[in-house]
Amino acid sequence: MTVLVTGGAGFIGTNFILRWLAAGGDKVVNLDKLTYAGNRHNLSGLSADRHELVQADIGDREAVDRLLAGRRPRAVVNFAAESHVDRSIHGPADFVETNVVGTFNLLESVRGYWGTLRGEEASGFRFLHVSTDEVYGSLTPEAPAFTEDSPYAPNSPYSATKAASDHLVRAYRHTYGLPTLTTNCSNNYGPYQFPEKLVPLMILNGLEGRPLPVYGDGRQVRDWLHVHDHVRAIALVLERGRVGGTYNIGGRSEKSNLEVVLAVCRLLDELAPDEKIGPRERLVAFVADRPGHDRRYAVDFGLIASELGFEPSFDFVSGLRATVGWYLANRPWVESVTSGGYRSWIDQNYGESRGAAARAGGDAGRPGGADGEGGNVR
Ligand code: NAD
Ligand code: TYD
């Protein structure tokens, strides 16, 4: 038996495959375009009879059709996406191409393949689509957490394209009967996360004594889940989820960005003290806000808890400590991903406008972006 994982060389896909195989799961065929966010070395320790990496685009019908017909997976787990909100603001086209058109083409290929299956192969087949809580938009401080019934109200090009992909998956279930599952998860952190996202960026900048750029006033709130808990939840949904179902996944761990950054600072001071750098808190730099910045996300994961018994195993304190420890112990990985392309992204995103705000003495600390302005803030 085989499962096809897309985007398995990225952050969450890598963690999913490592855990899946360690738990004795079926062989994984990993279809990944290997963009800047995909790293083939993450999985190079796996034996060829357990893991096969195929470099291809989910939108390439011919390649995906061939792979499905040749490997005959019992399930497809779709992680492949452009995943970084800031990049979606600088260049939304890639997000439409992969997250919308790519998911559409993948669904078409999978529908064709599923149509060739018979009996238990057909009824047991699953297409699991990995999505985000960001499709639900932004919450006010007192609003109840997102449930599976919350209306979609995406605010960034990233979340709009993920929302579109969720809708396509829903339509393929409703119209063609494809046995789909969808998961909408909160912010992940943990090993192998590309250091453009908040937690690893703060760890690496803090280690090297560079500024820790906090957007706007730093009081935006996210719910944080350790990636090991996310991939455990995905495996549960894949094996026991209700066909056609949608499951929210969260960590019961709402934190403001400033709280997250200060927690990283304290851990670095303890685990990697550096006299020349001094207390990392001094590196915090309030910079210009992200345009349209969502104020708060929070996830009610009561459904997956009651139906499938999911409960996060990490709290934020233990999960963040383990994560900082991983980055300290894996400097060669960090060096391999922070190449020229990475540095030019950092210059592009944190250069001019954001740097200017920081130099202006933190006046960018005032709330900016869509807080209360976007019409989708509940
Ligand atoms: P990532 O950016 O680290 O990895 C994405 C992977 O997809 C990379 O390996 C990349 O090479 C591959 N990819 C990109 N475009 C492709 C294409 N056209 N064809 C094939 N492969 C392609 O992302 P991640 O953080 O691991 O997120 C994985 C999924 O989980 C995404 O769908 C994302 O929306 C969702 N998600 C992420 C988070 C989070 O906090 N990171 C939270 C909830 C949901
Ligand atoms: P990010 O890791 O990009 O995830 P997302 O935008 O999908 O939630 O960002 C998490 C939060 O941290 C988000 O509110 C933006 C903020 N942030 C900063 O303040 N500074 C940074 O340098 C980055 C990358 C993010």
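1. Quick notes on the side chain of Thr161
Okay, step 1: Following the sequence through the fold, Thr161 ends up in helix H6 (residues 157-176).
Okay, step 2: Those residues in contact with Thr161 that sit more than four places away from it in its chain are Phe95, Val96, Asn99 and Val100.

2. Overview of the side chain of Thr98
Okay, step 1: By secondary structure assignment, the location of Thr98 is in helix H4 (residues 93-114).
Okay, step 2: Apart from residues lying up to four places away in sequence, Thr98 is in contact with Ile58, Ala80, Ala81, Glu82 and Thr103.

3. Remarks on the site of ligand 2
Okay, step 1: Close contacts around ligand 2 come from 17 residues, with Glu134, Pro213, Arg290, His293 and Tyr350 the closest.
Okay, step 2: One nitrogen or oxygen atom from the main chain of Leu198 is found 2.9 Å from an oxygen atom belonging to ligand 2.
Okay, step 3: Here a nitrogen atom of ligand 2 and a backbone polar atom of Pro213 are 2.8 Å apart.
Okay, step 4: In the complex, the protein chains occlude 97% of the 510 Å² of accessible area that ligand 2 would expose alone.
Okay, step 5: Secondary-structure elements contributing two or more residues to the shell around ligand 2 are helix H7 (198-208) and strand S8 (212-215).
Okay, step 6: Looking at the shell around ligand 2, its residues break down into eight nonpolar, four polar and five charged.

4. Quick notes on the sheet that holds strand S1 (residues 2-6)
Okay, step 1: Taken in spatial order, the seven strands of this open sheet run S3-S2-S1-S4-S5-S6-S10, and their pairing is parallel. Two strands bound the open sheet, and with one partner strand each, they are strand S3 (51-55) and strand S10 (246-249). Strand after strand, the sheet turns through a mean of 20° between neighbouring axes, direction not considered.
Okay, step 2: Pairing between S1 and strand S4 (residues 75-78): four bridges, direction parallel. In the strand pairing of S4, Thr6 is matched with Asn78.
Okay, step 3: Strands in contact with helix H1 (residues 11-22) are S1, strand S2 (27-32), S3 and S4; relative to S2, the strand with the most contacts, it is inclined by about 170°.
Okay, step 4: Along the sheet, helix H8 (residues 227-240) makes contact with S4, strand S5 (126-132), strand S6 (180-185) and S10, crossing S5 at roughly 145°.

5. Quick notes on the packing of aromatic side chains
Okay, step 1: If you walk through the whole model with that rule in mind, you get 20 aromatic pairs.
Okay, step 2: Taking the centre distance of 5.2 Å and the plane angle of 75° together, the rings of Tyr36 and Phe194 count as edge-to-face. Here the residue Tyr36 occupies a position in the loop between S2 and S3, and Phe194 occupies one in the loop between strand S7 (187-189) and H7, the gap between them amounting to 158 residues.
Okay, step 3: Between Trp326 and Trp333 the ring centres are 5.4 Å apart and the planes differ by 70°, which places this aromatic pair in the edge-to-face class.
Okay, step 4: Judged by its relative accessible area of 16%, Trp326 falls in the buried class.
Okay, step 5: The exposure class assigned to Trp333 is buried, which follows from its relative accessible area of 11%.
Okay, step 6: Taking the ring centre of Tyr36 as reference, the NZ or CZ of Arg87 above it sits at 3.6 Å.
Okay, step 7: One Lys or Arg, Arg111, reaches over the ring of Tyr176 and ends 3.8 Å from the middle of that ring.

6. Quick word on the nonpolar core
Okay, step 1: Counting residues in each nonpolar core, the largest one holds 36 residues, and the members touching the most others are Val199, Ile203, Leu212, Val261, Leu320, Tyr327 and Trp333.
Okay, step 2: Where this core is concerned, the elements lending two or more residues are H7, S8, helix H9 (257-271), strand S12 (284-287), helix H11 (316-329), helix H12 (331-337) and helix H13 (340-350).
Okay, step 3: If one sorts the elements of this core by residue count, H9 sits on top with seven residues.
Okay, step 4: Membership of the second largest hydrophobic core comes to 33 residues, among which are Phe79, Val227, Tyr247 and Ile304.

7. Some details on the packing of H7 against H11
Okay, step 1: Contact geometry for H7 and H11: axes closest at 11 Å, N-to-C directions at 55°. Of the possible angle classes, the one that applies to H7 and H11 is oblique. The element H7 and its partner H11 pack so that their crossing is right-handed. Contacts from Val199, Pro200, Ile203, Leu204 and Leu207 in H7 reach Leu320, Thr323, Val324, Tyr327 and Leu328 in H11.
Okay, step 2: Of the residues that constitute the contact of H7 with H11, the class distribution is nine nonpolar, one polar and no charged.

8. Remarks on the domain arrangement of the protein chain
Okay, step 1: As far as domains go, the protein chain holds domain 1 (2-192 + 225-249) and domain 2 (198-220 + 254-296 + 316-365).
Okay, step 2: Of the residues lining the interface, 22 residues belong to domain 1; the matching set on domain 2 comes to 20 residues.
Okay, step 3: Across the domain 1 to domain 2 interface the summed buried area is about 1,800 Å²; carbon plus sulfur atoms make up 52%.
Okay, step 4: Seen at the junction of domain 1 and domain 2, the total is one salt bridge.
Okay, step 5: Of the charged contacts in the structure, one is a salt bridge between Arg290 and Asp86, with a shortest N-O distance of 2.7 Å.
Okay, step 6: Connecting domain 1 to domain 2 are 13 residue pairs in polar contact (both at pLDDT 80 or more).
Okay, step 7: Broken down by element, the side of domain 1 that touches domain 2 gets its largest block of residues, five residues, from helix H3 (residues 85-90).
Okay, step 8: The residue inventory of the side of domain 1 that touches domain 2, partitioned by class, reads nine nonpolar, 10 polar and three charged.

Rules used throughout
Residues numbered from 1 in each chain as written. Chains lettered and ligands numbered in written order. Predicted model: local features only at pLDDT ≥ 70, side-chain atom pairs only at ≥ 80, totals over all residues. Heavy atoms only, no water. Helix = DSSP H or I, 4+ residues; strand = E, 2+ residues; numbered from the N terminus. Contact = heavy atoms within 4.5 Å. Near = heavy atom within 4 Å. Polar contact = N/O pair within 3.5 Å; in protein donor to acceptor, adjacent residues only side chain to side chain. Areas by Shrake-Rupley, 256 points an atom, 1.4 Å probe, with all protein chains shown as cover. Nonpolar A, V, L, I, M, F, W, Y, C, P; charged D, E, K, R; others polar. Pairing = 2+ DSSP bridges. Axes fitted to C-alpha atoms, helices over the stretch in contact; angles between N-to-C directions. Phe/Tyr/Trp six-rings, centres within 6.5 Å; stacked < 30°, edge-to-face > 60°. Buried < 20%, exposed > 50% of the residue type's maximum accessible area, 1.4 Å probe, protein only. Lys NZ or Arg CZ within 6 Å of the ring centre and 35° of its normal. Core = buried A, V, L, I, M, F, W, Y, C linked by side-chain atoms within 4.5 Å. Parallel < 35°, antiparallel > 145°, perpendicular 65-115°, else oblique. Left-handed = near helix turned anticlockwise from the far one by under 90°. Domains from an automatic or database assignment. Buried area = accessible area lost by both parts, 1.4 Å probe. Salt bridge = Lys/Arg side-chain N within 4 Å of Asp/Glu carboxyl O.

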